[in-house]
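One-letter residues, chain by chain:
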Amino acid sequence: DGGITQSPKYLFRKEGQNVTLSCEQNLNHDAMYWYRQDPGQGLRLIYYSQIVNDFQKGDIAEGYSVSREKKESFPLTVTSAQKNPTAFYLCASKSGPGDQPQHFGDGTRLSIL
Amino acid sequence: AQSVTQPDIHITVSEGASLELRCNYSYGATPYLFWYVQSPGQGLQLLLKYFSGDTLVQGIKGFEAEFKRSQSSFNLRKPSVHWSDAAEYFCAVGPLEGGGNKLTFGTGTQLKVEL
């Protein structure tokens, strides 16, 4: 079955540590997105990529980094510069321009030890 | 700037009762509107979408939404709620083309269903 796989489901970070969240899709979608979800705040866009080897900052990119070396993969690194990383992180993908909606993975919950 | 307001943070309904979740948006061009549902610890599932055509759109799980341009609203409705509908519901707006197809989400409405 086609879909978006996020791993791990739960992740713990120590102070001063970088961690990387994985997002893989086998939908052959061009565009991929990373969102952060906090209680009562909805989803906020961190980074997005419309094509391989290209990505743009979203609304809350500070303290995060991404890469898009392959069409199917869009990993997110939460750096030590992100002072409040505890949140639920959602990855989404979309089949290029047009009226296709974004499809979401099941998320990764990141917590601080 | 585009924005979405979901004025109800929590709603409780009895099973079998009707449901309406409110969504108001602010968007400079023709909006492309969505409703998504999220179960605890899960990702978002698309319920329905609207860009043009009939202003009453049907979605999955018996949900429908009505686009009212004059009121900048896109309210979600269901005639008879089931206990399995308890979840969080998000309204979103974005462009059909361009701008990275970035979506702006509301803060969500948590639905509780009383048996």
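Scroll up a little and you will see the structure.
Here the structure is a predicted model, which is why all the values come from computation and not from measurement. (Residues numbered from 1 in each chain as written. Chains lettered and ligands numbered in written order. Predicted model: local features only at pLDDT ≥ 70, side-chain atom pairs only at ≥ 80, totals over all residues. Heavy atoms only, no water.)

S.K.: For this particular structure, what's the right way to read the overall build of chain B?
M.R.: What chain B contains, in helices and strands, is 0 helices and 12 strands. Taken from N to C terminus, the helices and strands of chain B fall in the order β-β-β-β-β-β-β-β-β-β-β-β. The C-alpha atoms of chain B give 14 Å as radius of gyration, which agrees with the globular expectation for 115 residues (13 Å, within 12%). When the backbone C-alpha atoms are referred to their principal axes, chain B occupies close to 45 × 30 × 20 Å. Here chain B holds 115 residues, and 47% of them are scored as buried. On chain B, roughly 5300 Å² of surface is accessible, and the fraction owed to carbon and sulfur atoms is 49%. (Helix = DSSP H or I, 4+ residues; strand = E, 2+ residues; numbered from the N terminus. Rg over C-alpha atoms; globule rule 2.2 N^0.38 Å. Buried < 20%, exposed > 50% of the residue type's maximum accessible area, 1.4 Å probe, protein only. Areas by Shrake-Rupley, 256 points an atom, 1.4 Å probe, with all protein chains shown as cover.)

S.K.: Whenever I open this one, the interface of chain B and chain A confuses me. Can you help?
M.R.: Interfaces are often described in size by the accessible area the parts lose on coming together. At the junction of the two partners, chain B supplies 21 residues and chain A supplies 24 residues. Between chain B and chain A lies a buried interface of about 1700 Å² when both sides are counted; carbon and sulfur atoms form 53% of it. At the junction of chain B and chain A, the tally comes to 0 salt bridges. For the interface between chain B and chain A, the tally reads 4 residue pairs in polar contact (both at pLDDT 80 or more). Put simply, the parts of the chain that give the side of chain B that touches chain A at least two residues each are β5 (32-38) and β6 (44-50) of chain B. Among the elements that make up the side of chain B that touches chain A, the one with the highest residue count is β5(B) (4 residues). (Contact = heavy atoms within 4.5 Å. Buried area = accessible area lost by both parts, 1.4 Å probe. Salt bridge = Lys/Arg side-chain N within 4 Å of Asp/Glu carboxyl O. Polar contact = N/O pair within 3.5 Å; in protein donor to acceptor, adjacent residues only side chain to side chain.)

S.K.: Can you help me understand the sheet that holds strand β3 (residues 19-25) of chain A in this one?
M.R.: Strands in a sheet are paired, the pairing made by backbone hydrogen bonds, and the direction either parallel or antiparallel. Residue and element names in this part refer to chain A. Read across the open sheet, the 4 strands follow the order β1-β3-β8-β7; overall the sheet is antiparallel. Lying at the two open borders of the sheet, with one neighbouring strand each, are β1 (4-7) and β7 (64-66). Each adjacent strand pair in this sheet contributes to an overall mean axis angle of 20°, direction not counted. As judged from the 3 bridges shared by β7 and strand β8 (residues 76-78), these two strands associate in the antiparallel manner. Within β8, the position partnered with S65 by the bridge is T77. (Pairing = 2+ DSSP bridges. Axes fitted to C-alpha atoms, helices over the stretch in contact; angles between N-to-C directions.)

S.K.: Before we go on, may I ask you to explain the side chain of B:T109 in this structure?
M.R.: Residue and element names in this part refer to chain B. When you line up the elements, T109 lands in strand β12 (residues 109-114). For T109, a relative accessible area of 1% gives the class buried. The residues contacting T109, other than those within four sequence positions of it, are Q6, D8, I9, I11, L21, A87, E88 and Y89.

S.K.: In this structure, what is going on with the pattern of salt bridges? I would like to understand it.
M.R.: A side chain with one charge may pair with a side chain of the opposite charge, provided their charged atoms come close. Scanning the model with the defined rule gives 7 salt bridges over all chains in all. Ionic pairing is found between B:R22 and B:D8, a salt bridge with its closest N-O pair at 2.9 Å. Of this pair, B:R22 sits in the loop between β3 (19-21) and β4 (24-26) while B:D8 sits in the loop between β1 (3-5) and β2 (10-14), and the two are 14 residues apart along the sequence. B:R22 sits in the partly exposed class, given a relative accessible area of 37%. Across the pair B:K78 and B:D85 runs a salt bridge, and its minimum N-O distance is 2.8 Å. Of the two residues, B:K78 and B:D85, neither departs from the other in class, the shared state being buried. Several salt bridges share partner residues, and in doing so they unite A:R36, A:D38 and A:R44 into one network.

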